[in-house]
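Coordinate analysis (summary)
Read off the chains here:
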Amino acid sequence: MPCEAEPDTAESDLPGALPSGLRAELINFRRDLHMHPELGNREFRTTAAVKARLEKAGLRPRTLTMGTGLICDIGPDIDTGTGAWAGAGRPMLALRADLDALPIPDTKTVPYRSTVPKMAHACGHDVHTTAVLGAGLVLAELAERALLPRPVRLIFQPAEEVLPGGALDAIEFGALDGVGRIIAVHCDPKVEVGRLGLRPGPITSACDRLEVSLDGPGGHTARPHFTTDLVTAAARVAIDVPALLARRVDARSGLAVTWGRLEAGHACNVIPQHAELSGTVRCLDLNAWRDAPDLVHAAIDEVATMHRAKSEINYVRGVPPVVNDPEVTGLLRRAMVARRGAFAVEDTEQSLGGEDFSWYLERVPGAMARLGVRPVGDTTRRDLHCGDFDVDEGAIQVAVELFTAAALLDGGRM
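For clarity, every value in this text was computed on a predicted model and none was experimentally measured.

Its 21 residues place the ends of helix α6 (residues 286-306) 31 Å apart at the C-alpha level, agreeing with the 30 Å of an ideal helix rising 1.5 Å per residue. Among the residues of α6, Ala288, Trp289, Ala292, Pro293, Val296, Ala299, Ile300, Val303 and Ala304 are the ones counted as buried. If you follow the buried residues of α6, they end up packed against β8 (206-215), α5 (230-246), β10 (256-264), β12 (274-283), β13 (310-319) and α8 (358-361). At the N-terminal boundary of α6, the capping side chain belongs to Asp285, with an oxygen 3.1 Å from the backbone nitrogen of Asn287. Directly beyond the C-terminal end of α6, a positive phi value near 60 degrees is found at Arg308.

Summarising the element assignment, Arg153 is placed in strand β4 (residues 152-157). One polar contact links the side chain of Arg153 to the main-chain carbonyl oxygen of Ala175, over a distance of 2.8 Å.

Here we take up the pattern of salt bridges. Following the criterion strictly, the structure yields 29 salt bridges and no others. Between Arg248 and Glu302 there is a salt bridge; the shortest N-O distance is 3.0 Å. Here Glu302 lies in helix α6 and Arg248 lies in the loop between α5 and β10, a separation of 54 residues in the sequence. For Arg248, a relative accessible area of 38% corresponds to the partly exposed category. Each of the salt bridges in this network shares a partner with another, and the network as a whole consists of Arg30, Arg31, Asp126, Asp390 and Glu393.

This part covers the packing of aromatic side chains. Taken as a whole and judged by the stated rule, the model has one aromatic pair. A centroid spacing of 5.8 Å and a plane angle of 55 degrees characterise the contact between Phe357 and Tyr360, whose relative ring orientation is tilted. Overall, the relative accessible area of 0% leaves Phe357 in the buried class. Residue classification places Tyr360 among the buried residues on the basis of a relative accessible area of 0%. When the ring centre of Trp289 is taken as origin, the NZ or CZ atom of Arg317, which lies over that ring, is 3.9 Å away.

Bringing the sheet that holds β13 into the picture now. Spatially, the four strands line up as an open sheet ordered β10-β12-β8-β13, and their pairing is antiparallel. Of all the strands in the sheet, just β10 and β13 have a single pairing partner and so form its edges. In this sheet, adjacent strand axes meet at a mean angle of 15 degrees when their direction is disregarded. In terms of strand pairing, β8 meets β12 through 10 bridges, oriented antiparallel. When the sheet's bridge partners are listed, Asp208 is paired in β12 with Val281. Of the strands in this sheet, β8, β10 and β12 are in contact with α5, which crosses β10 at around 175 degrees. Along the sheet, α6 makes contact with β8, β10, β12 and β13, crossing β13 at roughly 165 degrees.

Rules and cut-offs
Residues numbered from 1 in each chain as written. Predicted model: local features only at pLDDT ≥ 70, side-chain atom pairs only at ≥ 80, totals over all residues. Heavy atoms only, no water. Helix = DSSP H or I, 4+ residues; strand = E, 2+ residues; numbered from the N terminus. Expected span 1.5 Å × (residues − 1). Buried < 20%, exposed > 50% of the residue type's maximum accessible area, 1.4 Å probe, protein only. Contact = heavy atoms within 4.5 Å. Polar contact = N/O pair within 3.5 Å; in protein donor to acceptor, adjacent residues only side chain to side chain. Salt bridge = Lys/Arg side-chain N within 4 Å of Asp/Glu carboxyl O. Phe/Tyr/Trp six-rings, centres within 6.5 Å; stacked < 30°, edge-to-face > 60°. Lys NZ or Arg CZ within 6 Å of the ring centre and 35° of its normal. Pairing = 2+ DSSP bridges. Axes fitted to C-alpha atoms, helices over the stretch in contact; angles between N-to-C directions.

Printed below as a string of structure tokens:
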């Protein structure tokens, strides 16, 4: 297929721009979510707020079986009785958002800071939810004017932060039934607001959880030769297992074990009988991720046995890498160029972060983009999963208009 030339400036005649009144409403909606964060599978208030606003617009959202999360279909081929895709026309384009927050305190001093102790929207899910909601409201208005060429499904999933991810619950509910393609954005504080980071192929890594228990006879620190020195054994597991794995897999796979917790002992002169480590296993390559459990098990057992410790391993499968479909990535590029011009798109790297959006892409083609949320000229370094995380709220309009342009262009030229 010949490559289409990209315009240097935005297409002013493309419908679906965000009206100023709705823009202000969406900012307030996002701030309300930010003030009332909810953890994975507990997003009842958030689900109710999204559902109420969609119903106010005359739409028929359907809540997922577990009571959190919802899907909503818009446009042609939608059954007016059930609000669901009737299956007679072209497969839908799905827009995905995630609802949950993180169990960390909000350290900001803004008026809309979290009102819930030790919980915060520190990953931008409130922005993702607001953007998909706003896109849905705009697309519903376009559908009433017969300007939406194909049906669109909004997916608001729970528990993205809970391995193996709420995407699996949404898929089991039928979120991908009738869907031909799926797109999403993720806030990126390294990218300036008004810009979009794109990458065909892998854009995130796989992420699994690893828990290790070590046991053996303890005793007095004066006689370590009568014991299994579990403090030393745990330290060697922490150091040697990542080193062993680095020599047993292709370095290009990016397989990395990183520990977040190590606990052993309570007194300075007592060798403990039990030690624990926990951390994550991350991997850039899909095939290496599939082999990772066996490799990690073998490395831990080898090091533990060397120090006469009995090991028990709980390897929790998380998520595979997000692998962007090149054609759908191209759709996002064209949509952003149509709205903001070619200068608004930049290439982005593959990160070691995990994202359960990958489960959707195991089933249908799709792509995730990195949404710029850093204020223009701001040199402060802020990262995801930190208590001071915040966004330039102009990113909401960018995401809404990206989604609406993608829906219009997908129904037209693809």
